[in-house]
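Each chain is listed here by its residues.
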Amino acid sequence: PPTPVTNSPPGMPFPHNLSTARSLESIIRGKGVTPATIALIDGLVYIGLSPSQLERLADQSPESKEVKVKVSRRDLAPALATRVIGGTTVAGTMYVAESVGIGMFVTGGIGGVHRGAESSMDVSADLIELGRTVSCRILAHGTKRSDQTRLWVWCARVPSRYWTFLGHWRYL
C-alpha cells in the first residue's frame, strides 16, 4: 500500500528540501512501497506528487511568486478555497491519509507539548490529531520542541498503542 510522506522539514531551505524529499521517496521505493507525498496544489489535495509538483511545492526561492503554506487539519478548507500550495503537517497528513484509507506514514517527527504549556496551552495539533485518528500509524523520529515530561502526561490521553522509546515513536 502507498505510504504518505510529509514534506521536508519546515525551515529546510530550497533546494535542500527538494533533495531530501526525493531521497526519502527513493528510500521508500527501494523498500517496495509506493511513496505518496501529500500536498495541496491549485485547490486540490494530491496524494502522490509528480516530480514537477514536488519541485513546485519545495521551491521557496525568491523567484517563486506562489504562496506556500503549512497545512494542518484545521487549515485544509481555507487552503483549498484560496488555492495556495501547501505541504501538510503531521496532523494534516494523518487526517488526509485516514480519509482515503492509508494507514501508515513516515515523518521526521511530530509536534509535542511545549514548555510553558501549563499557562499557554501550547500543544501541537499533531498530538491532538493522534488522539482522534485511530487507524493511522506513524513512523517518526522523536518530537519537536517538546518537554518530555509534559509529553508523557499528554500521551496518557492518546490511545495506548502509541508509545515512545528513547524519543523515537513506534507503533506497537
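This text goes with the structure placed above it.
What counts as what
Residues numbered from 1 in each chain as written. Predicted model: local features only at pLDDT ≥ 70, side-chain atom pairs only at ≥ 80, totals over all residues. Heavy atoms only, no water. Axes fitted to C-alpha atoms, helices over the stretch in contact; angles between N-to-C directions. Helix = DSSP H or I, 4+ residues; strand = E, 2+ residues; numbered from the N terminus. Parallel < 35°, antiparallel > 145°, perpendicular 65-115°, else oblique. Left-handed = near helix turned anticlockwise from the far one by under 90°. Contact = heavy atoms within 4.5 Å. Nonpolar A, V, L, I, M, F, W, Y, C, P; charged D, E, K, R; others polar. Pairing = 2+ DSSP bridges.

## Topic: the packing of helix α1 (residues 16–30) against helix α2 (residues 51–58)
Now for step 1: Look at α1 against α2: their axes get within 9 Å of each other, and the N-to-C directions meet at 140 degrees. The orientation of α1 relative to α2 falls into the category oblique. Both α1 and α2 take part in a crossing whose hand is right-handed. Only P51, L54, E55 and A58 of α2 make contact with α1, whose side of the interface consists of N17, L18, A21, R22 and E25.
Now for step 2: For the contact of α1 with α2, the class distribution of residues is 5 nonpolar, 1 polar and 3 charged.

## Regarding the sheet that holds strand β3 (residues 68–71)
Now for step 1: On the basis of which strands lie adjacent, the open sheet formed by 4 strands has the order β2-β1-β4-β3 and mixed pairing. Because the sheet does not close on itself, it has two edges, and the strands there are β2 (44–47) and β3. Neighbouring strand axes in the sheet, compared pairwise and without regard to direction, differ in orientation by 25 degrees on average.
Now for step 2: Of the pairings in the sheet, the one linking β3 to strand β4 (residues 85–88) comprises 4 bridges and is parallel in character. Within β4, the residue paired with K70 across the bridge is G87.

In short, shape yes, function no, at least from these values alone.
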